[in-house]
Amino acid sequence: MIRKLVSLIAVVLVFSISLAAQDAKTVIQAASKAMGDVKSIQYSGTGHLYAIGQAFNPTSAWPQNNITSYTRTIDYNTRASREELTQVEPTPPRLGGAAPFAGELKQINLVNGQSAWNQTGNDAQPAVAAAEERQLQIWLTPHGFLKAAMENNATVKKGSGGTIVSFTSGKFKINGTIDSQNMVTRTETWIANPVLGDMPVETTYSGYKDFSGVKFPTMIVQKEGGYPVLDLAVTGAQPNASLNLPVPEAVRTAKLLPVSVTNEKIGDGVWFLAGGSHNSVLVEYPTYLVMIEAPLDEARSTAVIAEAKRLAPNKPIKYLINTHHHFDHSGGLRTYVAEGATIITQEMNKAYYEQVWKAPHTLEPDRLAQNPKKATFVTVKEKYTLADGGRSLEIYPMQGDTHNAGLMMIYLPKEKVLVEADDFSWPAGTRAGLRYHGNNVNLYRNIQQLKLDVSRIAPIHGTMVSYSDLQKAATS
Ligand SMILES: [Zn+2]
């Protein structure tokens, strides 16, 4: 009897699964017919690009730049995409981070299969780490979504706003909403982010119009981590536009660069740890170590911690000092929590870290996800001195900063070295514009007001520099 019941359940289950697959096919085909099938599409418009993880304070939206021109061409058959855009910073200068620039910033972002690169003039720079997400973005567009759903055994269910079509492509789960007019109005997926974990990527499509017999939205808004990263008012779309995108040889053979950590002794028991786009500073105390900054991600933290243990063996890393919450400066913090370090940060950041670190990290599990533990914090809101066994450093929350509301600088009185992030990076010229000059001026003003006797600056970006270089930049 039980066996009969089990086989009956199995039959019903198989039947309902195939029915669901059939339903999905019908739904996708109806949408594809209503929207018009295309091999490729080109669309253009204007809008805004937002810098994820670069908010002025932890509770504000990603800061916005203007897109004055935007054209994207996608070939669904060859799995290739070319995105060309021009950004300008708003005037007056906005608050928040992301490399400031003067005038226009032109970008061409490309992907063809597993190869990604950026084009500046005739120069192609491999973008190995971006390939997976750029490929995924192709399948989040309205027509791309329907094609991927058809290929990946999608399922359907009723949901808010219409029929929800779901499938898995590689490690990504993708959902899309198809409304009563058979238009794709929304897609969603999750990608790995060092701070936010499995970060939601939601894109809404509205204002569908007919472009040469194919329906395409006139408004596109993409959000990551809950805030917009792109909004686009589409002014033109052309079905079956041609895209010829040969992969340059240097791009085809490019590999992810291994994490490199160099060390430069800048005082007794003080090392400047560089070797990549972001630096850290190691300070040795009699019975423990203090690290300033945990940038980027777990891979960077793991390599920097290994170098610290090599330079000053057999001492635990007791404190990690975090200059500000921007993701490129806080993406490696979770590794230090896993390592047992206490995080020293501006007081406004504690609640934010506690909240976002609760998110699941299933796409790229880090050490803290594998062995969860509660983070411990020391919060700073005015001058904080970390003195122990004859060694001392001073932490100053900065006043009047427009880059980040919770930015802190660190002063080593014996070495006369100031550690600062993003307000002054060396060599000069890598950052430019009014907004950056304002940061130079504000850093200089803070140092003057505190009457700090600084001889050298250890910036989190770039190389060690003398104080007179900041003086020149700030007073010119
Ligand atoms: Zn920053």
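These remarks concern the structure in this document. Sequence positions are assigned chain by chain, starting from 1 and proceeding in written order. Confidence filtering applies because this is a predicted model: local features only for residues at pLDDT of at least 70, side-chain atom pairs given and counted only at 80 or more, and all residues used for totals across whole chains, interfaces and linings. In computing side-chain values, all of the structure's heavy atoms are included and hydrogens and water are not.

**Points about the pairing of strand E6 (residues 123-126)**
Logical step 1: Bridge count for strand E5 (residues 115-120) against E6 is four bridges, and the pairing is antiparallel. Pairing of Gln119 across the sheet is with Ala124, part of E6.
Logical step 2: Being paired, for any two strands, means DSSP has found at least two bridges between them. Under the DSSP-based scheme used, a helix requires at least four consecutive residues in state H or I and a strand at least two consecutive residues in state E, with every element numbered from the N terminus. The turn linking E5 back onto E6 is made up of two residues, and Gly121 within it adopts a positive phi angle of 60°.

**A word on the side chain of Asp401**
Logical step 1: Structurally, the position occupied by Asp401 is in the loop between strand E24 (391-397) and strand E25 (408-412).
Logical step 2: One buried charged residue, Asp401, remains without a salt bridge, the closest side chain of opposite sign being Arg435 at 8.7 Å.
Logical step 3: Nitrogen and oxygen atoms within 3.5 Å of one another constitute a polar contact, given that in protein one can donate a hydrogen and the other can accept it, and given that sequence-neighbouring residues count only through two side-chain atoms. One polar contact links the side chain of Asp401 to the main-chain amide nitrogen of Asn404, over a distance of 3.2 Å. For the exposure calls, accessible area comes from a 1.4 Å probe over protein chains only, and a residue counts as buried if that area is under 20% of its type's maximum, exposed if over 50%, partly exposed in between. For this count, His and the chain ends are skipped, Lys and Arg are scored as positive, and Asp and Glu as negative. A carboxyl oxygen of Asp or Glu within 4 Å of a side-chain nitrogen of Lys or Arg is what we treat as a salt bridge.

**Re the coordination of the zinc ion**
Logical step 1: Donor atoms: N, O and S within 2.8 Å of the metal, or within 3.2 Å for Na, K and Ca. Because water is excluded, sites can look incomplete. Of the protein atoms, only His324 (NE2), His326 (ND1), His403 (NE2) and Asp422 (OD) coordinate the zinc ion, at distances of 2.1 to 2.2 Å.
Logical step 2: In these descriptions, tetrahedral denotes four donors with every angle between 85 and 135 degrees, square planar four donors and octahedral six donors with opposite donors over 155 degrees apart and the rest between 65 and 115, and irregular any other case. Between the four donor atoms coordinating the zinc ion, the angles at the centre fall across 84 to 175°, so the site counts as irregular.
Logical step 3: Counting the intervening residues between successive donors of the zinc ion yields the motif H-x1-H-x76-H-x18-D. Note that His326 is positioned in the loop between strand E20 (317-321) and helix H6 (327-330) and Asp422 in the loop between strand E26 (417-420) and helix H10 (434-449), a separation of 96 residues in sequence.
Logical step 4: Residue classification places Asp422 among the buried positions, given a relative accessible area of 3%.

**Some thoughts on the environment of Thr287**
Logical step 1: In this structure, Thr287 sits in the loop between strand E18 (280-284) and strand E19 (289-292).
Logical step 2: Assessed through its relative accessible area of 55%, Thr287 is described here as exposed.
Logical step 3: Separated by 27 residues in the primary sequence, Thr287 and Asn314 have C-alpha atoms spaced 9.0 Å apart.
Logical step 4: For this analysis, residues touch if any pair of their heavy atoms sits within 4.5 Å. Setting aside anything within four residues of it in sequence, one finds Thr287 in contact with Lys315 and Pro316.

**Things to note about the sheet that holds E24**
Logical step 1: Read from one edge to the other, the open sheet built from six strands follows the order E23-E24-E25-E26-E27-E28, with strand pairing classed as mixed. Of all the strands in the sheet, just strand E23 (384-388) and strand E28 (465-466) have a single pairing partner and so form its edges.
Logical step 2: One ladder, built from two bridges, connects strand E27 (residues 456-459) with E28; its direction is antiparallel. Within E28, the residue paired with Ile457 across the bridge is Val465.

**Digging into the packing of aromatic side chains**
Logical step 1: Pairing of aromatic rings covers Phe, Tyr and Trp, the last through its six-membered ring, and needs centres within 6.5 Å; plane angles under 30 degrees mean stacked, over 60 mean edge-to-face, and all others mean tilted. Scanning all chains against the criterion turns up 14 aromatic pairs.
Logical step 2: Between Tyr76 and Trp139 the ring centres are 6.2 Å apart and the planes differ by 45°, which places this aromatic pair in the tilted class. With a gap of 63 residues between them, Tyr76 in the loop between strand E2 (64-75) and strand E3 (80-88) and Trp139 in the loop between helix H2 (131-138) and helix H3 (142-151) connect regions that are remote in the sequence.
Logical step 3: Every member of this aromatic cluster is reached through a ring pair, and the members are Tyr352, Tyr353, Trp357 and Phe377.

**Overview of H2**
Logical step 1: Counting buried residues along H2, six of its eight residues qualify, which places the element largely inside the surrounding structure.
Logical step 2: Within the span of H2, buried status applies to Ala131, Arg134, Gln135, Leu136, Gln137 and Ile138.

**Brief notes about the sheet that holds E20**
Logical step 1: Here seven strands make up an open sheet; going across it, the order is E16-E17-E18-E19-E20-E21-E22 and the pairing mixed. The open sheet is flanked by strand E16 (262-267) and strand E22 (377-380), the only strands paired with a single partner. In this sheet, adjacent strand axes meet at a mean angle of 20° when their direction is disregarded.
Logical step 2: As defined by bridge partners, E18 adjoins E19 across four bridges and the pair is classed as antiparallel. Counterpart to Val281 in the pairing with E19 is Ile292. Each axis is a line fitted through C-alpha atoms, and for a helix only the stretch in contact is used; angles between axes span 0 to 180 degrees, taken between their N-to-C directions.

**Concerning the pattern of salt bridges**
Once their charged atoms are close, side chains differing in charge can pair, the charge on each being opposite to the other.
Logical step 1: Tallied over the full model, the rule gives 21 salt bridges.
Logical step 2: Its salt-bridge partner being Lys374, residue Glu354 comes within 4.0 Å of it at the nearest N-O pair. With Glu354 in helix H8 (residues 347-356) and Lys374 in the loop between helix H9 (367-370) and E22, the pair connects residues that are 20 residues apart, well separated along the chain.
Logical step 3: Look at Glu354 and you get partly exposed, because its relative accessible area is 28%.
Logical step 4: By relative accessible area, Lys374 is classed as exposed at 70%.
Logical step 5: Ionic contacts of the salt-bridge type, sharing partners, join the residues Glu132, Lys171 and Glu364 into one network.

**Thoughts on the environment of Trp117**
Logical step 1: Tracing the sequence through the fold places Trp117 in strand E5.
Logical step 2: On the basis of relative accessible area, Trp117 is assigned to the buried category, the value being 2%.
Logical step 3: Sequence separation of Trp117 and Thr323 is 206 residues, and the distance between their C-alpha atoms is 31 Å.

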